[in-house]
Amino acid sequence: MSDTPIDSSKRTWIITSACAGAVGGVATAVPFVSTFQPSEKAKAAGAAVEVDISALKPGEKVTVEWRGKPVWIIKRSPEQLAELPALDGQLADPQSQRKPSELTPEYARNEYRSIKPEIMVAVGICTHLGCSPVDKLQAGPQPSLPDDWKGGFLCPCHGSTFDLAGRVFKNKPAPDNLEVPPHKYLSETKLLIGEDKA
Ligand code: FES
């Protein structure tokens, strides 16, 4: 007879390790993101994280850790931005109307889900069961994706796909768009993740 408790704990471990792996890649991926170093105690309490995005080029992505979660920052190219409105008909919640107060702050409830059109900020955790989607930023046919793929993310756990605004495609296991964390700009090239009050 199979042992259900072992199965369920194994499943939880797989999901946890997938997310931990996503955060673990942060330090090597973004060596220049180091302008603000909150204390360990402050980090545990969810301190905001300052990020210098001056080195980010169009099409590039960096990941920072906030409250133990990977937060993605992507500088979308003009071509990538131009594709977003055309995807609305294929998305489950193109205007981010579902759970807007939980997942999309008011200042990101717009065509690009962002404060500045070119800069996407989103929590890289799938809204289905918490895996970390992988980058599929390049447009074009590729395995597990439609031939007219415009760039975005694929969750390897159960196949949910998200566009370059973190919006989930229709008929996928993930029920909602990726979370846009509270954030604001401290200057033209400095972002504060985790706080949005003046
Ligand atoms: S956890 Fe992402 S599709 Fe299931």
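Worth saying up front: this structure is predicted, and the values here are computed from it rather than measured.

Engineer: In this structure, what is going on with the sheet that holds strand β6 (residues 152-154)? I would like to understand it.
Structural biologist: With respect to topology, three strands assemble into an open sheet ordered β5-β6-β7, the strand pairing being antiparallel. Whereas interior strands pair on both sides, the edge strands pair on one side only; in this sheet they are β5 (134-136) and β7 (161-163). Between one strand axis and the next, the sheet turns by 30° as a mean value, whatever way the strands run.

Engineer: I keep staring at the pairing of strand β9 (residues 190-193) and nothing clicks. Help me out?
Structural biologist: Within a regular strand, the side chains alternate between the two sheet faces. Two elements, strand β1 (residues 49-52) and β9, share four bridges in a ladder whose sense is antiparallel. Across the sheet, residue Val51 finds its bridge partner in β9, namely Leu191. In this antiparallel pair of consecutive strands, strand β8 (residues 183-187) and β9, the connection spans two residues.

Engineer: Mind showing me how you'd approach the state of the cysteines here?
Structural biologist: The term disulfide refers to a covalent linkage connecting the sulfur atoms of a pair of cysteines. Under the definition given, this model contains one disulfide. Sulfur-sulfur distance for the disulfide between Cys131 and Cys157 comes to 1.8 Å. Given an S-S torsion of about -90°, the disulfide between Cys131 and Cys157 has left-handed geometry. Pair noted here: Cys131 is in the loop between β4 (119-123) and β5 and Cys157 is in the loop between β6 and β7, with a separation of 26 residues, a long-range link. Judged by relative accessible area, Cys131 falls into the buried class, the value being 2%.

Thresholds, definitions, all that
Residues numbered from 1 in each chain as written. Predicted model: local features only at pLDDT ≥ 70, side-chain atom pairs only at ≥ 80, totals over all residues. Heavy atoms only, no water. Pairing = 2+ DSSP bridges. Helix = DSSP H or I, 4+ residues; strand = E, 2+ residues; numbered from the N terminus. Axes fitted to C-alpha atoms, helices over the stretch in contact; angles between N-to-C directions. Disulfide = S-S within 2.5 Å. Buried < 20%, exposed > 50% of the residue type's maximum accessible area, 1.4 Å probe, protein only.

Geometric values such as these leave the question of function open.
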